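Architecture and fold: a report
Listed here are the chains, written in short residue letters.
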Amino acid sequence: MHRFSDFAKEEKGMEGDRVSISELFNQTIVVLAYRKFESRAVKGKTCVEIQFKLDDKIGVTFTNSSVLERQLDTFKDMMPFEASIKKIHNYYTFT
């Protein structure tokens, strides 16, 4: 007989304290990892969970930003990397 726990692997959230993305604006963080999943807030959109290090503390933040998602996908092989998150008009970007 199979045990459910042997084959069902539920994806857990990343380790770290949850931080609002706006608290990270213009601060240098180390982006450690990210994962994508279907947004519960906006149907049809992807939500990105970003794990980062700031002042020797591990944290996570969530965003629906397609710009940040594209940047993370493009530069995932460069992780971990240092960056700042900036809000420019109506979008977020790494700098």
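The present account deals with the structure reproduced in this document. Keep in mind that this is a model prediction, so the values were computed, not measured. (Residues numbered from 1 in each chain as written. Predicted model: local features only at pLDDT ≥ 70, side-chain atom pairs only at ≥ 80, totals over all residues. Heavy atoms only, no water.)

**Quick look at the pairing of strand β7 (residues 91-94)**
Along any regular strand the residues' side chains alternate between the sheet's two faces. Note: strand β6 (residues 85-88) against β7, 4 bridges, orientation antiparallel. Considered in β7, the bridge of K87 is made with Y92. Between β6 and β7, which pair antiparallel and follow one another directly, the connecting turn spans 2 residues, one of which, H89, has a positive phi of 55 degrees. (Pairing = 2+ DSSP bridges. Helix = DSSP H or I, 4+ residues; strand = E, 2+ residues; numbered from the N terminus.)

**Details of the sheet that holds strand β1 (residues 17-18)**
On the basis of which strands lie adjacent, the open sheet formed by 5 strands has the order β1-β4-β3-β2-β5 and mixed pairing. With one partner strand each, in any of the chains shown, β1 and β5 (81-83) form the two edges of the open sheet. Across 2 bridges, the pairing between β1 and strand β4 (residues 57-63) is parallel. Of the residues in β4, the one forming a bridge with R18 is V60.

**A few points about the pattern of salt bridges**
This structure, assessed with the given rule, holds 3 salt bridges. Of the charged contacts, one joins K36 and E69 as a salt bridge, the two residues approaching to 3.4 Å between their closest N and O atoms. With a gap of 33 residues between them, K36 in strand β2 (residues 29-38) and E69 in helix α2 (residues 66-74) connect regions that are remote in the sequence. A residue is classified by how much of its surface remains accessible, and K36, at 38% relative accessible area, is partly exposed. Linking D73 and K36 is a salt bridge whose minimum nitrogen-to-oxygen distance equals 2.9 Å. Here D73 is found in helix α2, whereas its partner K36 is found in strand β2, with 37 residues between them in sequence. Linked through salt bridges whose partners overlap, the residues forming this network are K36, E69 and D73. (Salt bridge = Lys/Arg side-chain N within 4 Å of Asp/Glu carboxyl O. Buried < 20%, exposed > 50% of the residue type's maximum accessible area, 1.4 Å probe, protein only.)

**Structural notes on the nonpolar core**
Formed by 16 residues in total, the largest nonpolar core has its most connected members in I29, V31, L72, I85 and F94. At 4 residues, strand β3 (residues 46-54) tops the list of elements feeding residues into this core. (Core = buried A, V, L, I, M, F, W, Y, C linked by side-chain atoms within 4.5 Å.)

**Quick notes on unusual backbone geometry**
Cis geometry marks the peptide bond from M79 to P80; its omega dihedral reads -5 degrees. Mapping P80 onto the fold places it in the loop between α2 and β5. Positive phi, close to 65 degrees, is recorded for N26, a residue that is not glycine. By secondary structure assignment, the location of N26 is in the loop between β1 and β2. Classification of N26 by relative accessible area gives exposed; the value is 54%. Unusually for a residue other than glycine, H89 sits at a positive phi of about 55 degrees.

**Some thoughts on the pairing of β3**
Of all 9 residues making up β3, 7 are buried, and the element is well covered by its neighbours. Pairing of β2 with β3 involves 8 bridges; the strand directions are antiparallel. Among the inter-strand pairings, F37 is bridged to a residue of β3, identified as C47. Across 7 bridges, the pairing between β3 and β4 is antiparallel. Considered in β4, the bridge of E49 is made with F62.

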